[in-house]
Amino acid sequence: MLQETRLHRIRALLTTQHQLSTERIINELGISRETARRDIIELEAQGLARRVHGGLVAVDSQPEPPLQVRRNAQAKEKRAIAVAAAQHLQPGQTLFLDAGTTTTMLAEQLRSMSGLTIITNSLQAALALSAAEEHETLNNQVILLGGMMMAGAQQTRGEMTIGEIYRYRADVALLSPVGIDAKNGASSFHPHEAAIARAMVQQANRTILLADNSKLGVISRTVYAPIAEVDLLICDSGAAKPGALAALQQALPQVQVV
C-alpha cells in the first residue's frame, strides 16, 4: 500500500475517532509497527496530526458552539450578509441552502421574493420560508430534504439527504461554512455537514459563501469546497483578520464586503 493511501486512511479514521493508538493503525491497515511510526511522523510533519504517547490525535479547530450561541453571535453582521446575498438572486432560479445560522437569516429575506425554488436540509430555513397563514399562498416553492434527524440538530442528514440532493440541479448553492481560507477553501467541523455542502456544490452552477468575519482564515476539520469552486464570498467589513480577507480577495473571483 502506498504511503499516500495509508495517510488518507489514517486521516479518515481520525475524522471519526479523533485519537488513534499505534496498535489500532497497525491492525486497521495491516502494516508493521515501523511503517505505522513513519506514517505518524509524516502526518505530524504535515501539520495534520499530533504525536502523543502510544499514537496520535487529530489537529483541527474547536467544535462549533451550540446552535443558540451561534444564532446570537454576529447577528447584525449575518443579517447584513443575508440581505446582500438576496440581491444576487432572481425569480425563476433554483437554490440550495444548507443548515446554518446565516442561511436561515437568508431564508427570512427570501420569503419576500417570489418565483424561487428553494431546496434545503434546514428545518429552521424551511419554517422561515413557509411562515404564512394557512389560507395564504407561498411566494416560492420550498423543498425540505428528507433524511435522519439527530437530537438538537435542526436539520436532516445522512445518505438519504445526499441522495435527494443529487436528484436536483440548482442555479446557486448558498452555503454558510464554519471556515473559509484562501488556500484550503470552505470547510465544516462535522463530516456529515460537509458531505451535504459538498453535494450541493457539485449540483449547483454557482456557489456563494456567506461568512461573517469570525470565519475568515479559519480551517475547520473537513474541507468541502476548494477555493477554485467558490464563485462569490459575501462577508462583513469588521474583519477580525485583515490578512485573511486580503488573501481571499486575491484568491477568489469576487468578494463582496458589506
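Preceding this section is the structure that the text describes.
None of the values given here were measured: they were computed from a predicted structure.

Quick notes on the rules
Residues numbered from 1 in each chain as written. Predicted model: local features only at pLDDT ≥ 70, side-chain atom pairs only at ≥ 80, totals over all residues. Heavy atoms only, no water. Helix = DSSP H or I, 4+ residues; strand = E, 2+ residues; numbered from the N terminus. Rg over C-alpha atoms; globule rule 2.2 N^0.38 Å. Buried < 20%, exposed > 50% of the residue type's maximum accessible area, 1.4 Å probe, protein only. Contact = heavy atoms within 4.5 Å. Areas by Shrake-Rupley, 256 points an atom, 1.4 Å probe, with all protein chains shown as cover. Axes fitted to C-alpha atoms, helices over the stretch in contact; angles between N-to-C directions. Parallel < 35°, antiparallel > 145°, perpendicular 65-115°, else oblique. Left-handed = near helix turned anticlockwise from the far one by under 90°. Nonpolar A, V, L, I, M, F, W, Y, C, P; charged D, E, K, R; others polar. Salt bridge = Lys/Arg side-chain N within 4 Å of Asp/Glu carboxyl O. Pairing = 2+ DSSP bridges. Core = buried A, V, L, I, M, F, W, Y, C linked by side-chain atoms within 4.5 Å. Right-handed = clockwise from strand over helix to strand, strands pointing away.

Caption draft 1: Looking closely at the overall build of the protein. Per the secondary structure count, the protein includes ten helices and 15 strands. Taking 18 Å as the expected radius of gyration for a compact globule of 258 residues, we find that the protein reaches 20 Å, a close match to that expectation. A principal-axis box enclosing the C-alpha atoms of the protein has dimensions of 70 × 40 × 30 Å. Classification of the 258 residues of the protein by burial places 46% in the buried group. Taking the intrachain contacts of the protein between residues at least 6 apart in sequence as the baseline, contacts between residues at least 24 apart amount to 64%. As displayed, the protein has an accessible area near 12,500 Å², and 50% of this comes from carbon and sulfur atoms.

Caption draft 2: A look at the packing of helix α2 (residues 22–29) against helix α3 (residues 33–45). As a packed pair, α2 and α3 sit with axes 9 Å apart at the nearest point and diverge in direction by 110 degrees. Judged by the inter-axis angle, α2 sits roughly perpendicular to α3. Like other packed secondary-structure pairs, α2 and α3 cross with a definite hand, here right-handed. Between α2 and α3, the residues in contact are Thr-22, Glu-23, Ile-25 and Ile-26 and Arg-33, Ala-36 and Ile-40, respectively. Taken together, the residues of the contact of α2 with α3 break down into four nonpolar, one polar and two charged.

Caption draft 3: The arrangement of the pattern of salt bridges in detail. Scanning the model with the defined rule gives eight salt bridges in all. Between Asp-39 and Arg-6 there is a salt bridge, and its shortest N-O distance comes to 2.6 Å. Of this pair, Asp-39 sits in helix α3 while Arg-6 is found in helix α1 (residues 3–17), placing the two residues 33 residues apart along the sequence. Taking relative accessible area as the criterion, Arg-6 reaches 10% and is therefore assigned buried. Measuring nitrogen to oxygen at the nearest pair gives 3.1 Å for the salt bridge that ties Arg-79 to Glu-108. Taken as a pair, Arg-79 in helix α5 (residues 75–86) and Glu-108 in helix α6 (residues 101–110) lie far apart in primary sequence, 29 residues in all. When its relative accessible area of 37% is taken as the criterion, Arg-79 is described as partly exposed. You can call Glu-108 partly exposed: its relative accessible area is 32%. Via salt bridges that share partners, Glu-34, Arg-37 and Arg-38 belong to a single interconnected network.

Caption draft 4: How the structure looks around the sheet that holds strand β13 (residues 222–225). Strands sit in the order β10-β11-β13 across an open sheet of three strands; the sheet is antiparallel. Every interior strand has two partners, whereas the edge strands, β10 (179–181) and β13, have only one. Each neighbouring strand pair of the sheet contributes to a mean axis angle of 35 degrees, computed without reference to strand direction. Bridge count for strand β11 (residues 185–188) against β13 is three bridges, and the pairing is antiparallel. In the strand pairing of β13, Ser-187 is matched with Val-223. Of the strands in this sheet, β11 and β13 touch helix α9 (residues 191–202), which is tilted by about 15 degrees from β13.

Caption draft 5: Expanded view of the sheet that holds strand β14 (residues 232–235). Spatial strand order, β6-β5-β4-β9-β12-β14-β15: seven strands in an open sheet with parallel pairing. In this open sheet, the two edge strands, each paired with only one partner strand, are β6 (141–144) and β15 (255–257). The sheet shows a mean angle of 20 degrees between the axes of neighbouring strands, taken without regard to direction. Strand contacts of α6: β4 (94–97), β5 (117–120), β9 (170–175) and β12 (204–210), with the helix running at about 145 degrees to β4, the strand carrying the most contacts.

Caption draft 6: Fine view of the pairing of strand β8 (residues 153–157). Within β8, four of the five residues are buried, which leaves it mostly tucked inside the rest of the structure. Bridge count for strand β7 (residues 148–150) against β8 is two bridges, and the pairing is antiparallel. Within the sheet, the bridge partner assigned to Met-150 lies in β8 and is Ala-153.

Caption draft 7: A look at the nonpolar core. In terms of nonpolar packing, the biggest core is built from 30 residues, with Ile-180, Leu-216, Tyr-224 and Leu-233 touching the most fellow members. With near-sequence residues (within four places) excluded, Leu-233 lies in contact with Ile-180, Leu-209, Ala-211, Leu-216, Leu-248, Leu-252, Gln-254, Val-255 and Gln-256. In this structure, Ile-81, Leu-106, Ile-118 and Ile-208 belong to the second largest nonpolar core, which totals 24 residues.

Caption draft 8: Spotlight on the pairing of β5. Residues of β5 alternate between two faces, with Thr-117 and Ile-119 on one and Ile-118 and Thr-120 on the opposite face, all of them buried. One ladder, built from four bridges, connects β4 with β5; its direction is parallel. Bridging across to β5, Leu-95 finds its partner in Ile-118. Following the chain from β4 across α6 to the adjacent parallel β5, one finds a crossover that is right-handed. Pairing geometry for β5 and β6, over four bridges, is parallel. Counterpart to Ile-119 in the pairing with β6 is Ile-143. The parallel pair β5 and β6 is bridged by helix α7 (residues 123–129), and the resulting crossover is right-handed.

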